[in-house]
Amino acid sequence: MDLIWGPPGTGKTKTLGTLLYALLKMNHRTLVCAPTNVAVKEVASRVLSMVRESFDRNSEALFCALGDMVLFGNHERLKVGADIEDIYLDYRVKHLMMCFAPLTGWRCCFSSMIDLLENCVSHYHIFIENELRKDQEQVSDNNFNKTKDNSTSHCSETEKVHKTFLEFVRERFLSVAVQLRDCISVLCTHVARSYILDHNFEDLVCLIHKVSSFEALLFQSNIVSEVLEKLFSPPEHLHNSCESSVGVEYLLYKSRTDCLSSLRTLKGSLDE
């Protein structure tokens, strides 16, 4: 047994933090206890800052994997601040509960993105049908409740312009992408690497890049909505001329295929 001793300011916490960081890198499970909450927070903060610095030095690191560290204790007494809340047990449980919830968790996010990318054309047609039905109902109501300016009202309803396919996909994609990114962030940050496995972690980071690339292409200004709709149609409806298309629409088509492949592979791997 070794004793680290010294007056205040001589580096005891720094030394202990360095030892704990080294043990963490060696995959040694270590339990640290202290007689005061202040001491526990100081040690936790020191180790956490070293872990974050190691990830910051990696320019390709999107997430700091903290799942192998956990701080626990009485919340009121610990008074956990924003600097160390990522490793605090209560904070972690709250985020993991949302990430693994049956109806809103990561499986739902993956399935929603797969469904959107794969079936966006059919979803758009259903959307348009519903909008046209609403328009017809509104016209019927107007005809039933005729007023002096009924003809003007009827004209404005029948000439209503609906969303284009591109506008529809952009809106739906942003909604699903936010939830997907949040779930991936929780998985990469709060699940231990031994459970999520290194190849899944790397694939999740890669998926974030692919989704971001698709989004960047999707919001370019030179996209022709009708061409994109044809390219995103099911294979049996894909015209031969579309397969030889060039331009941003075809790049989106290829990017969508790449995203779908990664989403399906990762979903299957994580399910196991």
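Not measured: the values here are computed from a predicted model. (Residues numbered from 1 in each chain as written. Predicted model: local features only at pLDDT ≥ 70, side-chain atom pairs only at ≥ 80, totals over all residues. Heavy atoms only, no water.)

Q: What's the story with the layout of surface pockets in this structure? I'm lost.
A: One simple way to see leftover space: roll a probe sized like a water molecule over the atoms. Considering only enclosed or pocket space, the largest pocket measures out at about 1,400 Å³ in volume. Residue lining of the largest pocket: 40 residues in total, with Leu24, Thr30, Asp68, Met69 and Val70 positioned closest to the centre. For the lining of the largest pocket, the leading source of residues is helix 2 (residues 37-56), giving eight residues. (1 Å grid on protein atoms, 1.4 Å probe; cavity = no way out; pocket = protein on both sides within 12 Å on 5 of 7 lines; lining within 4 Å. Points joined across faces, edges and corners; volume = space filled by probe spheres on them. Helix = DSSP H or I, 4+ residues; strand = E, 2+ residues; numbered from the N terminus.)

Q: I tried to follow the packing of helix 7 (residues 165-190) against helix 9 (residues 198-218) on my own but got confused; where do I start?
A: Working note: a packed helix pair is described by the angle between its axes plus the distance between those axes. Packing of helix 7 against helix 9 brings their axes to within 11 Å, and their N-to-C directions diverge by 160 degrees. Put simply, helix 7 runs roughly antiparallel to helix 9. Viewed along their axes, helix 7 and helix 9 form a crossing whose handedness is left-handed. In this structure, helix 7 uses Leu166, Val169, Arg170, Phe173, Leu174, Ala177, Leu180, Arg181, Ile184, Leu187 and Cys188 to contact helix 9, whose residues at the interface are Phe201, Leu204, Leu207, Ile208, Val211, Ser212, Phe214, Glu215 and Leu218. (Axes fitted to C-alpha atoms, helices over the stretch in contact; angles between N-to-C directions. Parallel < 35°, antiparallel > 145°, perpendicular 65-115°, else oblique. Left-handed = near helix turned anticlockwise from the far one by under 90°. Contact = heavy atoms within 4.5 Å.)

Q: Help me out: how do you make sense of the packing of helix 4 (residues 89-99) against helix 7 in this one?
A: Their axes nearest at 10 Å, the elements helix 4 and helix 7 cross at an angle of 135 degrees. Considered as vectors, helix 4 and helix 7 are oriented oblique to each other. With respect to the hand of their crossing, helix 4 and helix 7 are arranged in left-handed fashion. Contacts between helix 4 and helix 7 involve Tyr91, Arg92, His95, Leu96 and Cys99 from the former and Cys183, Val186, Leu187, Thr189 and His190 from the latter.

Q: Can you walk me through a nonpolar patch on the surface in this structure?
A: Taken together, the side chains of Leu31, Val70, Phe72, Leu89, Val93 and Met97 present a nonpolar region at the surface, about 610 Å² in accessible area. With respect to the element layout, Leu89 can be found in helix 4. Relative accessible area serves as the criterion here: at 35%, Leu89 is assigned to the partly exposed category. (Patch = residues over 30% accessible without salt bridge, like charges linked within 9 Å, V, L, I, M, F, W, Y side chains within 5 Å. Areas by Shrake-Rupley, 256 points an atom, 1.4 Å probe, with all protein chains shown as cover. Salt bridge = Lys/Arg side-chain N within 4 Å of Asp/Glu carboxyl O. Buried < 20%, exposed > 50% of the residue type's maximum accessible area, 1.4 Å probe, protein only.)

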